[in-house]
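# Structure assessment
Given next are the chains, with one letter for each unit.
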Amino acid sequence: MSEYTVINSRAVRRDTPDKASGKAVFIDDMSLPGMLYGALLQSPLAHARIVRIDTSKARNLPGVKSVVTAAEAGLIKYGVSPARYDETLFCHEKVRYVGDDIAAVAAVDLETAIEAVSLIEVEYEELPVVLTIEDAMAEGAPVLHNEYPGNICAEVHSEFGNVEAAFANCDLIKTTTFKNKRQDAAFIEPQGCIASYDHFGNLTLYSSTQVPHYVQRTVAMVLKLPIGKVRVVKPYVGAGFGIKASANPLELSACLLSMKTGKPVKMNYNREQVFQYGRARHQFTHTMTTGVKKDGALLALKHVCYLDGGAYSSFGIATVYYAGSLLGGPYKLPNMKYDGYRIYNNKPACGAMRGHGGVAARACWEQQLDMIAEELKISPIELRLKNMMVAGDVTCNDLNMSSLGMKECIEAVQNGSEWSAKKGKLPKGKGIGMACGFFVSGAGYPIYRSDTYHGTVVIKLTEDGGTALVYTASAEIGQGSDTTFAMIAAEALGIRLEDVRLESGDTDFGVDLGAYSSRQTLMTGHAVKEAAEDVRQKVLEVLSKELNVPVGEMDIRNSLIGFKQANVDFSGLRTRYVKEHRGWTDNPTDGPLTFKEAARMAYLAIGSIVGTGKYKPHELGGKYKGAAVGTSPAYGCSAQIAEVTVDEETGQITVDKITDAHDCGRAINITSVEGQMEGSVSMGLGEALFEEVKFDNKGRVINADLAEYKIPTMLDMPEVKTIIVESNEPNGPFGAKEVGEGAIMPTIPAILNAVYDAIGVRIHELPLTPERVYMAIQEAKKGKKT
Amino acid sequence: MLLPKFDFHEPKTVNEACQILAEYGAKARILAGGTDLMVNMKKKILSPQQLVSISRIPELKNLEASADHIRIGACFTVADLCESDAIQRHLSALAEGAKNLGTPLIRNLATIGGNIGSARPAADLPPPLMAYGAQAVLSSLSGERTVPLDQFFLGPGFTAMKPDEILTEIQVPALPASSGAGYINIGVRKAQDCNLVNVASFIALDAGGIIQNARIVMGCVGPIPLRARSAEKILIGQKPDTALFTRAGAAAGSDSTPIDDFRGTAAYKKDMVGVLTRRTLDIAFHKATHRQ
Ligand SMILES: Cc1cc2nc3c(=O)[nH]c(=O)nc-3n(C[C@H](O)[C@H](O)[C@H](O)COP(=O)(O)OP(=O)(O)OC[C@H]3O[C@@H](n4cnc5c(N)ncnc54)[C@H](O)[C@@H]3O)c2cc1C
């Protein structure tokens with residue numbers, strides 16, 4: 001039995017009934033009186049100078065209320081990281097990718113807005129286009145941003161220990177190069193928003209976002225509004241996976257158009273625009289050289305990585321750092337050298353996506369570790385266990401594994417998949433493979449340099465005492481955070497889950513950095529817990545005075561007050577409560593003192609009961625440049641085993657089963673943890689087998705829809721056996737840490753290793769489409785013949 | 001994405017529909033399940049001024065199995081094809097094609113007539129239908145005519161239908177006793193995928209077990225579904241076995257004329273034609289020898 005009354009259970013998600021019945025309100029369901037519709041003019045060319053923009057025909061079209069370009073929007077630079085603000089709301093001198101924003105229109109309906117966009121005349125002078133890393137880095141290549149010669153958006157060079165010296169002591173040194181492909185997150189709800197500017201100069205933006213806080217700051221900065229006049233509200237959101245973790249041109253345009261017209265303005269991307277906007281996973285090319293001793297001890301990793309960045313930075317600086325730093329663990333690795341380059345070119349910008357920066361790196365390395373194990377004749381599991389860190393270990397780049405159930409995860413998947421009965425014993429065409437991974441539980445620092453709290457929470461008791469109202473600015477985007485925080489509040493306060501009401505996703509409720517870097521459960525969770533404890537203390541203090549019982553001798557559980565001493569006489573309180581509720585049918589008669597009565601007494605004594613909570617990570621390790629990317633108060637970790645069947649004549653892969661163990665610290669809502677694990681598998685499987693955003697030679701996306709950009713269907717999904725491994729994370733609320741992103745780490749390499757096991761051929765490029773697998777098998781056959 | 005503007009007609013009989021088509025000609029377009037047409041209209045590839053829905057014409061939804069024919073109404077849905085015992089029993093390769101088409105939501109709307117009418121080189125139903133020797137029945141105010149499916153497709157999106165004609169039914173001749181067909185399609189993922197290659201094979205055996213007749217139809221490897229004529233020649237007059245089917249597969253690969261595109265290379269598609277031809281011949285042979 002759990003020592004907890006609310007958390008560590010399977011609670012019904014608060015959003016489920018509304019979503020199942022169609023009641024849940026998303027941006028698309030919303031409208032405001034007098035609302036206008038906006039549309040964007042986006043560049044049809046990948047690289048061109050803007051010679052002239054003429055909006056007069058568009059302005060004269062009946063029904064058009066406003067047309068804005070860089071002339072109206074101004075040229076304030078923004079982006080994600082202040083170190084690389086390289087975007088303006090609208091292009092002024094040139095366009096840098098197909099889809100770059102040039103103008104926006106607000107009109108009485110969408111048809112008119114779209115027609116007006118088509119009436120804007122733009123004269124372009126075409127510039128040479130660079131679409132690949134190689135072209136962008138070539139001598140004399142056209143430069144996208146004058147400030148960044150050679151199209152190098154960011155580069156990172158770091159060394160921990162001494163890699164070359166370590167290689168001299170290695171018995172085996174292995175080099176491989178690996179490539180993934182540009183992803184789209186394929187969330188179900190395209191970005192959309194409604195901006196509404198009122199008569200007092202207050203701007204309210206309803207948006208499908210993961211980060212109301214960052215959007216609020218960007219809107220205020222770019223549109224030069226006092227931050228106190230900008231409010232961002234997030235209704236239900238159909239996922240984001242990182243792509244909605246920064247302000248986008250829709251939001252800024254809608255705000256500007258609403259300010260110009262004084263009317264609410266609604267804007268949406270269609271699916272094609274979602275692809276055009278991009279900001280999902282980069283294409284990475286990793287070259288890794290790993291040195292080991294004969295017994296399998298890892299000594300050193302030399303790693304070079306190129307990121308195909310697209311036209312703007314977006315999250316890219318963080319990405320290029322993460323791609324290196326997240327290999328510091330979970331294995332003991334004393335020496336690590338990293339050279340990372342993020343390159344601009346004329347494609348949509350890439351950004352952050354589930355497993356930010358670490359997914360392709362992990363796939364490359366975990367496949368290489370299997371190759372090393374094979375050469376050393378050590379089982380892949382043994383090699384990993386031999387090098388595994390334990391709780392309390394610190395990586396060479398100063399990441400502190402304050403809790404780490406990695407060994408337990410490996411053992412769980414080993415047993416759960418019957419690995420020992422299968423590995424090496426399967427018929428040709430069938431294979432089994434494993435891999436590990438870990439991820440941050442929240443970035444240690446905000447995206448902008450600041451001493452801000454990462455989350456603040458207010459809990460207020462209703463004055464009649466029945467209910468705790470939790471106010472958090474955190475973002476429920478489908479992952480289940482609202483339910484998790486309601487559970488944490490109920491547990492910490494001692495009341496039943498149904499006695500908690502929660503409102504979230506509104507910048508008026510406080511500061512919360514939002515749903516990215518797998519931070520909310522740990523960070524917002526802490527703030528919720530602290531606020532709940534504050535409320536609890538306030539209620540108990542009043543009771544203590546009224547009843548003359550020390551606070552330490554009282555407890556709240558299941559919405560009832562417990563006393564250590566027997567015979568505490570609270571009949572006076574009860575009589576007062578009942579008198580105030582004459583005629584009510586739910587007045588307490590006998591039995592223990594209820595929280596409702598206690599909370600009412602507290603209100604009568606001192607007024608509204610409000611508790612506050614806040615969280616900011618303690619001082620984290622790492623003093624070197626870039627240490628801010630990768631350091632986290634805690635790390636989640638996982639192991640997976642994939643079982644596959646490969647049709648060697650066609651190259652088709654069937655993933656038959658994934659056994660997945662994840663250490664999420666203490667599981668708050670068990671069902672949600674499993675949901676994240678299964679979702680991660682599905683996303684990783686898609687990236688491993690099918691997904692790739694493709695371009696023509698003019699830089700246009702040619703598969704900008706969910707028919708040709710192929711995510712897994714139900715029929716592609718294997719049975720997923722989820723095993724939750726609980727550790728007690730000292731830095732987590734009730735010991736909890738992440739599961740949202742870390743769970744994707746092992747999926748791709750586990751599949752790669754299983755495919756090798758099935759066909760005896762290593763493939764170092766994703767996705768593993770039937771054609772790529774078939775061709776690899778044919779190549780290998782040719783190689784054998786000659 | 002918004003639909004272009006159009007007028008909507010909903011005739012109750014084939015004759016009424018023919019009258020509307022005769023009036024508007026090329027300005028009109030027939031709407032069956034809409035799963036192909038609506039996509040093209042939203043993308044503004046097609047902007048017909050008149051849409052003629054044929055979903056309320058009951059006679060187009062019939063299925064009739066007689067001694068010499070199976071007749072499938074043009075508005076018979078793909079979901080109906082999946083569930084029909086008669087189709088499963090007599091035309092299992094067609095049932096296989098139907099089961100692999102789209103998703104349950106698409107199958108509920110998509111019709112057999114629309115699958116043929118859209119004339120997509122990668123469509124799932126034409127190869128099995130052509131392998132079974134099916135023909136299309138076309139109606140207009142000037143009467144009815146029958147076109148073998150072999151001659152029906154002219155190019156991607158183009159058919160032998162005239163603007164005033166409606167495809168009313170598909171006729172499949174009753175199959176000889178020792179005959180059978182197989183169908184396999186492959187894509188990148190397991191469902192809801194535009195095929196990379198799809199092949200249907202049909203063989204009929206004589207009393208001595210010799211292949212008397214063979215039809216192999218390959219999708220995705222030409223502008224229309226193609227017959228693998230030289231593969232068929234290799235088969236006819238021979239006793240079926242794996243070696244023969246492998247040879248036929250290689251010949252079918254040579255008969256195919258795929259192109260490199262963003263879905264796959266021509267080289268891969270050619271090789272897959274070989275594999276799928278052999279595998280569908282195996283299925284066809286099994287059916288031919290196990291049919292009661
Ligand atoms: C998500 C998705 C997945 C799909 N997957 C597949 C797949 O896996 N395999 C596949 O083959 N197809 C697939 N399709 C395409 C489409 O669903 C099928 O081709 C379907 O059979 C079309 O039938 P319909 O009734 O919807 O045709 P409609 O869209 O109504 O019509 C298609 C065309 O045929 C014409 N037409 C229709 N009926 C007649 C008639 N009786 N007489 C004359 N002309 C007619 C129409 O004018 C139109 O030009 C998919 C489509 C979508 C949207």
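Residues numbered from 1 in each chain as written. Chains lettered and ligands numbered in written order. Predicted model: local features only at pLDDT ≥ 70, side-chain atom pairs only at ≥ 80, totals over all residues. Heavy atoms only, no water.

### With respect to the pairing of strand β5 (residues 69–73) of chain B
Residues and elements named next belong to chain B. Stated precisely, the cut-off is as follows: Burial status follows relative accessibility: with a 1.4 Å probe on protein chains alone, a residue under 20% of its type maximum counts as buried, one over 50% as exposed, and anything between as partly exposed. In this text, helices come from DSSP runs of H or I with a minimum length of four residues, and strands from runs of E with a minimum of two, each type numbered from the N-terminal end. Here, any two strands with at least 2 DSSP bridges between them count as paired.
Buried residues dominate β5, accounting for 4 of its 5 residues. Judged from the 3 bridges that link them, strand β4 (residues 63–65) and β5 form a sheet pairing that is antiparallel. Among the inter-strand pairings, Glu64 is bridged to a residue of β5, identified as Arg71. Connecting the antiparallel pair β4 and β5 is a turn made up of 3 residues. Taken together, the 5 bridges between β5 and strand β10 (residues 166–173) define a ladder with antiparallel strand orientation. If you follow Ile72 over to β10, its bridge partner there is Ile170.

### Details of the packing of aromatic side chains
All names here are of chain A. Convention followed: Only Phe, Tyr and Trp rings take part, Trp by its six-membered ring, and two of them pair if their centres are within 6.5 Å. Stacked means planes under 30 degrees apart, edge-to-face means over 60, and tilted covers everything else. The rule for a charge over a ring is simple: NZ of Lys or CZ of Arg within 6 Å of the ring centre, and within 35 degrees of the ring normal.
Counted by the stated rule, this structure contains 19 aromatic pairs over all chains. On the numbers, 5.6 Å between centres and 55° between planes, the contact of Phe438 with Tyr635 is tilted. Of the two residues, Phe438 sits in strand β16 (residues 430–440) while Tyr635 sits in strand β23 (residues 635–647), which places them 197 residues apart along the sequence. Residues Phe438 and Tyr635 agree in their burial class; the two are buried. Each ring, one from Tyr471 and one from Phe509, has its centre 5.1 Å from the other, and the planes form 55°; the classification is tilted. With a gap of 38 residues between them, Tyr471 in strand β18 (residues 468–472) and Phe509 in the loop between β19 (500–504) and α16 (520–547) connect regions that are remote in the sequence. Put simply, the rings of Tyr214, Tyr448 and Tyr516 pair up and form one aromatic cluster. For the cation-ring pair, Lys529 lies above Phe734, with the distance from its terminal atom to the ring centre recorded as 4.9 Å. Positioned above the aromatic ring of Tyr453, the side-chain terminus of Lys616 is 4.9 Å from the ring centre.

### Observations regarding the domain arrangement of chain A
Residues and elements named next belong to chain A. Put simply, the rule reads: Note that the domain bounds were set by an automatic or database domain assignment. We call two residues contacting when some pair of their heavy atoms lies within 4.5 Å. The term buried area means the drop in 1.4 Å probe accessible area that two parts suffer when joined, counted for both and summed. Salt bridges, as used here, are contacts in which a Lys or Arg side-chain nitrogen is within 4 Å of a carboxyl oxygen on Asp or Glu. Pairing of N or O atoms within 3.5 Å defines a polar contact, subject to two protein rules: one partner must be a possible hydrogen donor and the other a possible acceptor, and residues neighboring in sequence count only if both atoms are side-chain atoms. Side-chain classes are defined by residue name, with Ala, Val, Leu, Ile, Met, Phe, Trp, Tyr, Cys and Pro counting as nonpolar, Asp, Glu, Lys and Arg as charged, and the others, Gly among them, as polar.
Each domain of chain A was delimited in the assignment, giving domain 1 (16–22 + 452–615), domain 2 (31–127 + 189–238 + 244–277) and domain 3 (283–445 + 622–785). Residue-level contacts link 19 residues of domain 1 with 22 residues of domain 3. Summing the contributions of domain 1 and of domain 3, the shared interface buries around 1,600 Å²; its carbon and sulfur component is 67%. Per-residue buried area on domain 1 facing domain 3 is highest for Ser517, Ser518 and Leu522; these three make up 33% of the total on that side. Applying the counting rule to domain 1 against domain 3 returns 0 salt bridges. Our count for the contact surface shared by domain 1 and domain 3 stands at 6 residue pairs in polar contact (both at pLDDT 80 or more). Of all the elements in the fold, those that place two or more residues in the side of domain 1 that touches domain 3 are α15 (481–493) and α16. Looking at side-chain class alone, the side of domain 1 that touches domain 3 contains 7 nonpolar, 9 polar and 3 charged residues.

### A short note on the site of the ligand
All names here are of chain B. For clarity, the threshold we go by: We call a residue near a molecule or strand as soon as one heavy atom of that residue lies within 4 Å of the molecule or strand. A 1.4 Å probe and the Shrake-Rupley method give the accessible areas. Residues count as covered only by the protein chains that appear here.
The full set close to the ligand counts 29 residues, and Ile30, Gly33, Thr35, Thr111 and Asp124 are the nearest of them. Contact distances for the ligand include 2.7 Å between an oxygen atom and a backbone N or O atom of Gly33. Within the side chain of Asn115, one N or O atom sits 2.9 Å away from an oxygen atom of the ligand. A total of 980 Å² of accessible area belongs to the ligand in isolation, and the protein chains cover 88% of it. Looking at the shell around the ligand, the element that brings in the most residues is helix α7 (residues 112–117), giving 4 residues. Tallied by class, residues from the shell around the ligand come to 13 nonpolar, 12 polar and 4 charged. Counting only domains with at least three residues in the shell around the ligand, you end up with domain 1 (7–53) and domain 2 (61–173).

### Looking at the sheet that holds strand β2 (residues 48–54) of chain A
What holds strands together in a sheet is hydrogen bonding between their backbones, with the strands either parallel or antiparallel. All names here are of chain A. Strand order in the open sheet made by the 3 strands is β4-β2-β6, with antiparallel pairing throughout. In this open sheet, the two strands that pair with only one neighbour each are β4 (94–95) and β6 (121–126). The pairing of β2 with β6 spans 6 bridges and is antiparallel. Paired with Ile53 across the two strands is Val122, which belongs to β6.

### Some details on the interface of chain A and chain B
Residue-level contacts link 30 residues of chain A with 23 residues of chain B. Taking both partners together, chain A and chain B bury about 2,200 Å²; carbon and sulfur atoms supply 54% of that area. When the buried surface of chain A facing chain B is broken down by residue, Glu649(A), Lys710(A) and Glu771(A) rank first, second and third, together holding 24% of it. A salt bridge links Arg263(B) to Glu708(A); the nearest nitrogen and oxygen atoms lie 2.4 Å apart. Taken together, chain A and chain B are joined by 14 residue pairs in polar contact (both at pLDDT 80 or more). The set of elements that each furnish at least two residues to the side of chain A that touches chain B consists of α4 (110–119), β24 (652–663) and α21 (770–785) of chain A. No other element matches α21(A), which puts 4 residues into the side of chain A that touches chain B. Of the residues assigned to the side of chain A that touches chain B, the class counts are 14 nonpolar, 7 polar and 9 charged.

### A few points about unusual backbone geometry
A cis amide bond links Gly329(A) to the next residue, Pro330(A), at an omega of -5°. Mapped onto the elements of the fold, Pro330(A) is located in the loop between α10 (316–325) and β15 (335–344). Here the amide bond leading from Leu766(A) into Pro767(A) is cis, since omega sits at -10°, within 30 degrees of zero. Within the secondary structure layout, Pro767(A) lies in the loop between α20 (747–759) and α21. Phi at Gln192(B) is positive, roughly 50°, even though this residue is not glycine. Summarising the element assignment, Gln192(B) is placed in the loop between β11 (179–186) and β12 (197–205). Taking relative accessible area as the criterion, Gln192(B) reaches 38% and is therefore assigned partly exposed.

### Describing the pattern of salt bridges
Residue and element names in this part refer to chain A. One pass over the structure, following the stated rule, counts 59 salt bridges over all chains. We note a salt bridge from Lys614 to Glu530, for which the minimum N-O separation is 2.9 Å. With Lys614 in strand β22 (residues 610–615) and Glu530 in helix α16, this residue pair connects regions lying 84 residues apart in the sequence. Here Lys614 falls in the partly exposed class, since its relative accessible area comes to 37%. By relative accessible area, which is 30% here, Glu530 ends up partly exposed. What you see here is one network of salt bridges that share partners, running through Arg52, Asp54, Lys57, Glu121 and Glu123.

### What about the nonpolar core?
The nonpolar side chains of soluble globular proteins are, as a tendency, buried together. Our working rule: Buried residues of nine kinds, namely Ala, Val, Leu, Ile, Met, Phe, Trp, Tyr and Cys, make up a nonpolar core once their side-chain atoms join them within 4.5 Å.
Counting 245 residues, the largest nonpolar core has Val219(A), Ile751(A), Leu768(A), Ile72(B) and Leu129(B) as its most contacted members. Counting residues per element, this core draws most heavily on helix α11 (residues 359–376) of chain A, at 10 residues. Residues in contact with Leu768(A), not counting those within four places in the same chain, are Ile653(A), Ala688(A), Leu689(A), Ile751(A), Leu752(A), Val755(A), Ile763(A) and Val773(A). Core analysis: the next-biggest nonpolar cluster, separate from the first, contains 52 residues, Ile459(A), Leu461(A), Ala468(A) and Ala736(A) among them.

### Describing the environment of Lys710(A)
Mapped onto the elements of the fold, Lys710(A) is located in the loop between α19 (670–689) and β25 (719–725). A relative accessible area of 7% means that Lys710(A) is categorised as buried. Once the C-alpha coordinates of Lys710(A) and Ala186(A) are considered, the two residues, 524 residues apart in sequence, prove to be 9.2 Å apart. Residues contacting Lys710(A), with those up to four places away along its chain left out, are Phe690(A), Glu691(A), Val188(B), Arg189(B), Asp193(B) and Cys194(B). Separated by 3.4 Å, the side chain of Lys710(A) and the backbone oxygen of Ala707(A) make a polar contact.

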